[in-house]
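# Structure at a glance
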Amino acid sequence: QGQLGESGGGVVRVGGSLKLSCAASGRTVRGDSVAWFRQTPGKERVFVSAIFRNANKYYSDSVKGRFTISTDSAKNTVYLQMADLSPADTAVYYCAASSRILLSSLRQATHWDSWGQGTQVTVSS
């Protein structure tokens, strides 16, 4: 299944931007479905965005228009460009990958088979 490693988290002011990276090793993101989820203490992991089989992109309503997911096949990396950040975006962000997930299961964390360790994003007011 390979490994995924997130980076790029940090502390940013309200209205600021941040770009997260997720480097894959032992697997290729090209052709896989890839996603970003986020999680706050005591809460379940929540869907943020995904690319289904290197084709269509999907976003949660809360980030649509502010976040952009992309991949770089040459670098075998998935990105999440985040803009106009608010304190509600504060969370640990995780990337996920799967070669078998169905479109109907894209937003369900339990259906993804590979996860990174997460990176903390804190938006301060």
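The paragraphs below set out a description of the structure included in this document. (Residues numbered from 1 in each chain as written. Predicted model: local features only at pLDDT ≥ 70, side-chain atom pairs only at ≥ 80, totals over all residues. Heavy atoms only, no water.)

### Brief notes about the state of the cysteines
By definition, a disulfide links the sulfur atoms of two cysteine residues through a covalent bond. Counting across every chain of the model gives one disulfide. Residue pairing for cysteine 22: its cysteine sulfur links by disulfide to cysteine 95, the two sulfurs lying 2.0 Å apart. Taking the torsion about the sulfur-sulfur bond, which here is approximately 55°, the covalent link between cysteine 22 and cysteine 95 counts as right-handed. With cysteine 22 in strand 3 (residues 18-25) and cysteine 95 in strand 9 (residues 91-98), this residue pair connects regions lying 73 residues apart in the sequence. Cysteine 95 gets classed as buried once you look at its relative accessible area, which sits at 1%. (Disulfide = S-S within 2.5 Å. Helix = DSSP H or I, 4+ residues; strand = E, 2+ residues; numbered from the N terminus. Buried < 20%, exposed > 50% of the residue type's maximum accessible area, 1.4 Å probe, protein only.)

### Description of the nonpolar core
Grouped together as the largest cluster of nonpolar side chains are 25 residues, with contacts concentrated most on Leu20, Trp36, Phe67, Leu80, Met82 and Tyr93. For this core, the secondary-structure elements that each account for two or more residues are strand 3, strand 4 (33-39), strand 5 (46-52), strand 7 (67-72), strand 8 (77-82), strand 9 and strand 11 (119-124). Core analysis: the next-biggest nonpolar cluster, separate from the first, contains ten residues, Phe52, Ile101, Leu106 and Ala109 among them. (Core = buried A, V, L, I, M, F, W, Y, C linked by side-chain atoms within 4.5 Å.)

### Considerations on the pattern of salt bridges
The tally for this structure, following the rule as stated, stands at six salt bridges. Across the pair aspartate 89 and arginine 38 runs a salt bridge, and its minimum N-O distance is 2.9 Å. You can see aspartate 89 sitting in the loop between strand 8 and strand 9 and its partner arginine 38 sitting in strand 4, a full 51 residues away along the chain. Residue class for aspartate 89 comes out buried when judged on its relative accessible area of 1%. A salt bridge links arginine 100 to aspartate 113; the shortest N-O distance between them is 3.5 Å. In this pair, arginine 100 sits in the loop between strand 9 and strand 10 (114-115) while aspartate 113 sits in the loop between strand 9 and strand 10, placing the two residues 13 residues apart along the sequence. (Salt bridge = Lys/Arg side-chain N within 4 Å of Asp/Glu carboxyl O.)

### Observations regarding the packing of aromatic side chains
Following the criterion strictly, the structure yields four aromatic pairs and no others. Pairing phenylalanine 37 with phenylalanine 47 gives two aromatic rings, centres 5.7 Å apart and planes at 80°, and the pair type is edge-to-face. Of this pair, phenylalanine 37 sits in strand 4 while phenylalanine 47 is found in strand 5, placing the two residues ten residues apart along the sequence. The pair phenylalanine 37 / phenylalanine 47 is uniform in exposure class, with both members buried. Measuring from centroid to centroid gives 6.4 Å for tyrosine 94 and tryptophan 115, while their planes differ by 85°, and the two rings are edge-to-face. Residue tyrosine 94 is located in strand 9, and its partner tryptophan 115 is located in strand 10; the two are separated by 21 residues in the primary sequence. When its relative accessible area of 26% is taken as the criterion, tryptophan 115 is described as partly exposed. Three or more aromatic residues joined by ring pairs make a cluster, and in this case those are Phe37, Phe47, Tyr94, Trp112 and Trp115. When the ring centre of tyrosine 94 is taken as origin, the NZ or CZ atom of arginine 45, which lies over that ring, is 3.6 Å away. (Phe/Tyr/Trp six-rings, centres within 6.5 Å; stacked < 30°, edge-to-face > 60°. Lys NZ or Arg CZ within 6 Å of the ring centre and 35° of its normal.)

### Brief notes about the side chain of arginine 38
In this structure arginine 38 comes out as buried when scored by relative accessible area, which is 13%. In this structure the side chain of arginine 38 is engaged in a polar contact, spanning 3.4 Å, whose partner is the side chain of serine 62. In this view, arginine 38 contacts Glu44, Arg45, Val46, Val48, Ser62, Val63, Phe67, Ala88, Asp89, Ala91, Val92 and Tyr93; residues no more than four positions away in its chain are not counted. (Polar contact = N/O pair within 3.5 Å; in protein donor to acceptor, adjacent residues only side chain to side chain. Contact = heavy atoms within 4.5 Å.)

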